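Each chain, letter by letter, is given below.
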Amino acid sequence: MKTIYTFGNGNAEGRADMKELLGGKGANLAEMNLIGVPVPPGFTITCDVCKIYNEQGREAVVNLIKEDVIKSVHHIESLTGYKFNDPQNPQLVSVRSGAPVSMPGMMDTVLNLGINDEVAETLAKKSGNERFAWDSYRRFIQMFSNVVMGVDADLFENALTQARLVAGVRVDSELSAEDLQELVETFKGIFS
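Reading the values: rules and limits
- Residues numbered from 1 in each chain as written.
- Predicted model: local features only at pLDDT ≥ 70, side-chain atom pairs only at ≥ 80, totals over all residues.
- Heavy atoms only, no water.
- Helix = DSSP H or I, 4+ residues; strand = E, 2+ residues; numbered from the N terminus.
- Buried < 20%, exposed > 50% of the residue type's maximum accessible area, 1.4 Å probe, protein only.
- Contact = heavy atoms within 4.5 Å.
- Areas by Shrake-Rupley, 256 points an atom, 1.4 Å probe, with all protein chains shown as cover.
- Salt bridge = Lys/Arg side-chain N within 4 Å of Asp/Glu carboxyl O.
- Pairing = 2+ DSSP bridges.
- Axes fitted to C-alpha atoms, helices over the stretch in contact; angles between N-to-C directions.
- Patch = residues over 30% accessible without salt bridge, like charges linked within 9 Å, V, L, I, M, F, W, Y side chains within 5 Å.
- Parallel < 35°, antiparallel > 145°, perpendicular 65-115°, else oblique.
- Left-handed = near helix turned anticlockwise from the far one by under 90°.
- Nonpolar A, V, L, I, M, F, W, Y, C, P; charged D, E, K, R; others polar.

> Sorry if this is basic, but what is going on with the overall build of the protein here?
Counting its regular elements, the protein contains seven helices and five strands. Counting from the amino terminus, helix and strand elements in the protein follow one another as β-β-α-β-α-α-β-β-α-α-α-α. In the protein, which comprises 192 residues, the proportion classed as buried is 34%. Considering only contacts within the protein whose residues lie at least 6 apart along the sequence, 54% involve residues at least 24 apart. With the model as given, the accessible surface of the protein reaches about 11,300 Å², and the carbon-plus-sulfur share is 53%.

The structure is reproduced here in structure tokens:
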């Protein structure tokens, strides 16, 4: 049973008509690659894996897909030239849920998986934009904590509101790189 379908650089193992297997997002990302839309490479774990998870549990799914996930991450790395967990040449990924039919209560997106202190520093240097790097890190901690670990989202929103008050700004986009770097530390404290 094939559990993962890759896409990238104009190639895709899936197609638009595979929504039952790949979910709407997965099928559409595959199709966009096939018609030449420049979307970042990635992979889709099939909806069948979700059924197996519901029937057999986490350990069965990890055993089933772990090797294929590792191969798929290496596939992304080969297409982008970046490496996951490499602080000097980091590959970040986004995790999104999907299904054949949109359903309420589905998992929210987690952006910037793979970022940490070292990667944020590298991202700041490579992009020339420290604010962008620290905001990306802040968003990752907030999303991962809430979506994956179930930490109350209000704790992060309250800390963000407090950071704006301390900095004397009205909106998040007015926070400086230094403000965001401090917020990352605050968010790490909330997570732990």
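> Would you take a moment to explain the pattern of salt bridges for this structure?
Any two side chains of opposite charge can pair, given that their charged atoms come close. For the coordinates displayed, the defined rule picks out eleven salt bridges. Across the pair Arg138 and Asp135 runs a salt bridge, and its minimum N-O distance is 2.8 Å. Linking Arg138 with Asp135, this pair stays in helix α5 (residues 130-148), spanning three residues, or about one helical turn. Across the pair, exposure class does not vary: Arg138 and Asp135 are buried alike. For Lys188, the salt bridge identified is with Glu185, shortest N-O distance 3.1 Å. Linking Lys188 with Glu185, this pair stays in helix α7 (residues 177-191), spanning three residues, or about one helical turn. A relative accessible area of 24% places Lys188 in the partly exposed class. One network of salt bridges, in which partners are shared, links Arg131, Asp135, Arg138 and Arg139.

> Just checking my understanding: could you explain the sheet that holds strand β1 (residues 4-8) for this structure?
Within a sheet, each strand pairs with its neighbour through backbone hydrogen bonds, oriented either parallel or antiparallel. Reading across the sheet, the three strands line up as β2-β1-β3 and stay open at both edges, with antiparallel pairing between neighbours. Strand pairing shows two members of the sheet lacking a second neighbour, β2 (11-12) and β3 (42-45), which therefore form its edges. Where β1 and β3 come together, four bridges link them in antiparallel fashion. Considered in β3, the bridge of Phe7 is made with Gly42. The sheet strands contacting helix α1 (residues 19-34) are β1, β2 and β3, and the helix crosses β1 at an angle near 30 degrees.

> Would you mind showing me how to read a nonpolar patch on the surface here?
Taken together, Leu34, Ile35 and Val37 make up a surface patch of nonpolar side chains, about 260 Å² in accessible area. Note that Leu34 resides in helix α1.

> Help me out: how do you make sense of the packing of α5 against α7 in this one?
Any two packed helices are characterised by the angle at which their axes cross and by the distance between the axes. At a minimum axis separation of 8 Å, α5 and α7 run at an interaxial angle of 20 degrees. Here α7 runs roughly parallel to α5, going by the angle between their axes. As α5 runs across α7, the sense of the crossing is left-handed. From α5, Glu130, Arg131, Trp134, Asp135, Tyr137, Arg138, Ile141, Gln142, Phe144 and Ser145 reach across to α7, where they touch Ala177, Leu180, Gln181, Leu183, Val184, Phe187, Lys188 and Phe191. Partitioning the contact of α5 with α7 into residue classes produces ten nonpolar, three polar and five charged.

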